[in-house]
Amino acid sequence: MALQFQELYSWIRRRKIFATLLVMATLGIGIVIGTVISGRAMATHDQNAASGASLLVIPDPVTLSNGFATISKKVGPSVVNISTTQVIEKPKGGKKPHSQGDFQDFFDRFFDSPGRGEDAERSLGSGVIVDKKGFILTNDHVVDQATKIQVTIDGDPTHYNAHVIGVDKDTDVAVIKIDADHEFAVARLGNSDGVQVGDWVLAFGSPFGLNSTVTAGIISAKDRSNVGHQFQRFIQTDAAINPGNSGGPLVNMAGEVIGINTAIYTESRSFEGVGFAMPSNAVVNVYNQLITNGKVTRGSIGITFQDERSNNPVLLKELGAPYGIVVEAVEPGSPADKAGLQPGDVITNINGTPVHTGSDLVNPIAQTPIGQSVQISYVRGKLSKDVSLVVADRSKIFPQSAQTADDQLEQQETPGEYGLHVEELTPDLAHKLGMGKVTGVVVTEVEPASFAEDIDFTRGDVITEINHAPINNLADYRREMTQLKAGQDVLFKVAQRGNNDRVLTLFLAGAVPPK
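Let me sum up the structure you'll find in this document.

Rules used throughout
Residues numbered from 1 in each chain as written. Predicted model: local features only at pLDDT ≥ 70, side-chain atom pairs only at ≥ 80, totals over all residues. Heavy atoms only, no water. Helix = DSSP H or I, 4+ residues; strand = E, 2+ residues; numbered from the N terminus. Buried < 20%, exposed > 50% of the residue type's maximum accessible area, 1.4 Å probe, protein only. Contact = heavy atoms within 4.5 Å. Areas by Shrake-Rupley, 256 points an atom, 1.4 Å probe, with all protein chains shown as cover. Polar contact = N/O pair within 3.5 Å; in protein donor to acceptor, adjacent residues only side chain to side chain. Phe/Tyr/Trp six-rings, centres within 6.5 Å; stacked < 30°, edge-to-face > 60°. Arc of directions from axis to C-beta. Core = buried A, V, L, I, M, F, W, Y, C linked by side-chain atoms within 4.5 Å. Pairing = 2+ DSSP bridges.

Each helix and strand counted, the chain has 14 helices and 28 strands in total. Taking all 515 residues of the chain together, 41% fall into the buried category. Within the chain, contacts between residues separated by at least 24 positions form 63% of all contacts whose residues are at least 6 apart in sequence. Within the structure as shown, the chain displays about 28,500 Å² of accessible surface, and the carbon and sulfur contribution to it stands at 54%.

This paragraph deals with the environment of D461. Checked against the element boundaries, D461 lands in the loop between α13 (451-454) and β25 (462-466). Beyond its immediate chain neighbours, meaning those up to four positions away, D461 contacts V441, V442, V443, D456, V494, A495 and Q496. For D461, the side chain forms a polar contact with the main-chain nitrogen of T458, separated by 2.9 Å.

Centre distance and the angle of the planes are the two values used to describe a pair of aromatic rings. Across all of its chains, the model carries five aromatic pairs by this definition. Here F68 and W200 contribute two aromatic rings whose centre-to-centre distance is 5.5 Å and whose plane-to-plane angle is 65°, an arrangement assigned as edge-to-face. Of the two residues, F68 is situated in helix α2 (residues 67-75) and W200 in strand β8 (residues 200-205); the sequence distance between them amounts to 132 residues. Judged by relative accessible area, F68 falls into the partly exposed class, the value being 31%. Relative to F492, the ring of F457 has its centre 5.1 Å away and its plane inclined at 80°; by these criteria the two rings are edge-to-face.

As for its position among the elements, P77 is in the loop between α2 and β1 (79-89). Sequence separation of P77 and S212 is 135 residues, and the distance between their C-alpha atoms is 9.0 Å. In this structure, P77 is in contact with S72, I153 and A185, ignoring residues within four places of it in sequence.

Here the focus is helix α9 (residues 358-366). For α9, the full list of buried residues reads G358, S359, L361, V362, I365 and A366. All buried residues of α9 lie within an arc of 160° about the axis, which places them on one face of the element. Close packing links the buried residues of α9 with β14 (299-300), β15 (303-304), α6 (307-310), β16 (325-326), β18 (346-350) and β20 (373-380).

What follows concerns the nonpolar core. If you look at the biggest cluster of nonpolar residues, it comprises 23 residues, and the most contacted ones within it are L137 and F204. Mapped by element, the contributors of at least two residues to this core are α2, β2 (118-131), β3 (135-139), β6 (173-178), β8, β12 (256-264), β13 (275-279) and α5 (280-293). Top contributing element to this core by residue count: α5, with four residues. Here F204 is in contact with I71, S72, V75, G76, V79, T213, V214, N245, G248, P249, V251 and N261, once residues within four sequence places are set aside. F451, M481, L484 and V512 belong to the second largest nonpolar core, which has 22 residues in total.

If you trace the backbone, D199 turns up in the loop between β7 (188-189) and β8. Taking the C-alpha atoms as reference points, D199 and S220, 21 residues apart in sequence, are found 8.5 Å from one another. Beyond its immediate stretch of four places on either side in the chain, D199 contacts G194, G217, I218 and I219.

Attention now moves to the pairing of strand β5 (residues 156-168). Examined bridge by bridge, strand β4 (residues 146-153) and β5 share four bridges and lie antiparallel to one another. Bridging across to β5, Q150 finds its partner in N161. Hairpin connection of β4 to β5: two residues between the antiparallel strands, including G155 at a positive phi of 85°. As defined by bridge partners, β5 adjoins β6 across six bridges and the pair is classed as antiparallel. Bridge pairing in β6 links V164 to I176.

Mapped onto the secondary structure, Q236 falls in strand β10 (residues 234-237). In this structure the side chain of Q236 is engaged in a polar contact, spanning 2.8 Å, whose partner is the side chain of R224.

Next comes the structure, spelled out in structure tokens:
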């Protein structure tokens, strides 16, 4: 029994030593692993601490005031970019487009046109669609003397050709129209009488040709005169307006057009904090007359005055009037002449309303339908008098300062068939031009900004076929040209004098534009 106990004790002792060694080995391995991991963690921490940087976190989106964005999305589709081409005289000896060296010089001499010709000047402006059929409000100075008007709309790849419905130079307002087989997005017009100084507004347009630009500002002043023509009384704003913004809309925070951007006050040709827009109420009156009659008719009684001189208190005192407008001239045969008004009379009231400024007198008369009467109170020799006058057409009383829509349309008309001027290519002329036995008609002039220029016709080209029909003389040419219809595809076969006296055969094609 004693022997068995000693053997058991010896066995436990050996197992204890083994267990102790196993525990110690495990602890040692753990210490080593912990030291390595801890060292790496400390190294990483030390690197972050050394750079002083913290990881960035993307925050949740925050919805800010979206009033401007909402209005921009609403009005933007109705705002257009307007590109115009104006024909200008080319200076004598100036650079000739598509020059062909000695041949071109000979061609000019042959047709007795050295240094003659015209070139094109292109400009940009803006406009706003106010009728789903494609009627657009813009400025007269944007389309003035333009021989070609193209309109683009943001998001629409089509380049629309526009034509002028009518213009009013007194307010610098114009109405143009584009055509399509679909309706256009339109802007809603507002009442500009509700505009208050300090109101937020947005100006839309294409400054410097940068389409779909929106700028924000406030109304700086109302009824601003003496910065334009007689019938221009502007809304003034500090919303940025630059070249290219002309004709674009000025929009209130209700998304309504309350003005048409027209001008800026600047000494550097760029925006300096003062811009002007024609009030929408004045624009609506002009627009309605232009789309109805093609021109704007304004009433007049036939007097001339200077607003500034009438503000002289000494002058008014000597004439015996507390306020008013001093008549300086009366047109013979005018309503004022027939009513007995004379230079030196001071008009103090019209239709019972006091007259303190020129606009107080002119606007009620201009807005009175032709043939209706207005009541005038005036002072002569310090005595007050009243008279009734029948309003007449201002353009007939002052024809030298009026330009009718018919006159303006005449200025825009250009001769030539789609911009081509041709003569018959006789055998003698073909020989002199180095065209050999080519028959057809020779192009003597290509009008700038015309369909002919767009498809790359040049002076000296000889048209030999139109839509595969041979052209041997002017009669053939005229027959084929008269058959062309707007929108139809047309193909011209052309002989052109190239380099090294070679005669090239070209094919020029395009879709026939409306006349």
